[in-house]
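Here is how the chains run, residue by residue.
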Amino acid sequence: MRVLMIAPPGAGKGTQGALIAGHFDIPHIATGELLRDHVARRTALGQDIQKYLDRGELVPDQVVLDMVREGVVAAKAAGGGFVLDGIPRNMQQARALYLIGRELEMTADVVLHLLADDGELMRRLLARAALEHRSDDTTDIIAQRLALYHEVTSPIVSWYRDRGILVSVDAMRSADEVGREILTALEAMRPLLDHVPAHARLSIDLTSLGDAFGATDSTAGKTD
Ligand code: ADP
């Protein structure tokens, strides 16, 4: 089972990602965790990326893609499943991730989209701030992260819907209820994933979406 999670900050990606990983015994690759780990260990990369995290801005695509490629290579060696949480966050990342998946024969089977409204997300993140002290859990920076999600991340969802691999879940309920619905949906899909060969499921080649899917001049022909 290979799952991508797309969700606004505070919707529960981390919690539900860990649940899915435990249930299917697959690695949980969380980009935010990988980035915060570099900051905590004070690596050279960590010092470069800290300012992006503190401002609630996206870290440069290539930094995240390199980390994720490493994680996907390891996931392939470990049996082929994964839960990716935190990527893609923009169309360029969606396209690059798809190309990595094609190259490694590790494209996603399912994209899980968690839905919650901004008021609830702000309340949850401020409640978490009181416990965890993440540098980006302040009112201003949360507002910035939510705006970024609506502007650049949420438009990606429709491409996965078109590709027929999107599962949307109402994340306004308790973590337990959301988790049960997610596992029920994924379990229902499991026979299909186990028995339908991967090539038969790749109905739409996302690279053909060209510019609209975040291609740059060097990676796809422009129409104008
Ligand atoms: P949240 O979804 O609550 O913002 P994450 O832990 O997923 O939490 O991400 C925290 C921060 O890490 C983001 O605000 C961003 O700065 C950085 N980040 C995580 N994933 C990516 C990504 N795919 N591309 C760029 N930056 C990322």
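Whatever comes next refers back to the structure up there.
Predicted, not measured: the structure shown is a model, and the values here were computed from it.

A. Region of interest: the environment of L35. For L35, the location among the structural elements is in helix α2 (residues 31–40). The residues contacting L35, other than those within four sequence positions of it, are I49, L53, V59, V63, V64 and M67.

B. Just the layout of surface pockets, in detail. By volume, the largest pocket is sized at about 1,100 Å³. Contributing to the lining of the largest pocket are 50 residues, with K13, R36, R128, R134 and R145 lying nearest its centre. Those elements that provide at least two residues to the lining of the largest pocket are β1 (2–6), α1 (13–24), α2, α3 (44–55), α6 (118–132), α7 (139–153) and α9 (175–195). Classifying every residue of the lining of the largest pocket gives 22 nonpolar, 14 polar and 14 charged.

C. Structural view of empty space enclosed by the protein. Counted under the stated rule, the structure contains 1 cavity of 30 Å³ or more. Of the pockets and cavities examined, the largest cavity occupies roughly 120 Å³. Along its surface, the largest cavity is lined by 15 residues, and L4, L97, Y98, T107 and A108 are the ones closest to its centre. Among the elements of the structure, β3 (82–85), α5 (91–104) and α8 (157–163) are those that each provide at least two residues to the lining of the largest cavity. Examining the composition of the lining of the largest cavity, we find that 5 residues originate from one element, α5, more than from any other. The residue inventory of the lining of the largest cavity, partitioned by class, reads 12 nonpolar, 2 polar and 1 charged.

D. The arrangement of the site of the ligand in detail. Around the ligand there are 18 residues in total, and K13, T31, E57, Q93 and R145 lie nearest to it. V59 is positioned such that a nitrogen or oxygen atom in its backbone is 3.0 Å from a nitrogen atom of the ligand. Within the side chain of R89, one N or O atom sits 2.9 Å away from an oxygen atom of the ligand. Bound to the protein, the ligand loses 96% of the 540 Å² it would expose on its own. Put simply, the ligand lies in the largest pocket. Here the shell around the ligand gets 4 residues from one element, more than from any other, and that element is α2. For the shell around the ligand, the class distribution of residues is 7 nonpolar, 4 polar and 7 charged.

Conventions adopted
- Residues numbered from 1 in each chain as written.
- Predicted model: local features only at pLDDT ≥ 70, side-chain atom pairs only at ≥ 80, totals over all residues.
- Heavy atoms only, no water.
- Helix = DSSP H or I, 4+ residues; strand = E, 2+ residues; numbered from the N terminus.
- Contact = heavy atoms within 4.5 Å.
- 1 Å grid on protein atoms, 1.4 Å probe; cavity = no way out; pocket = protein on both sides within 12 Å on 5 of 7 lines; lining within 4 Å.
- Points joined across faces, edges and corners; volume = space filled by probe spheres on them.
- Nonpolar A, V, L, I, M, F, W, Y, C, P; charged D, E, K, R; others polar.
- Near = heavy atom within 4 Å.
- Polar contact = N/O pair within 3.5 Å; in protein donor to acceptor, adjacent residues only side chain to side chain.
- Areas by Shrake-Rupley, 256 points an atom, 1.4 Å probe, with all protein chains shown as cover.
- Sits in = over half its atoms within 2 Å of the grid points.

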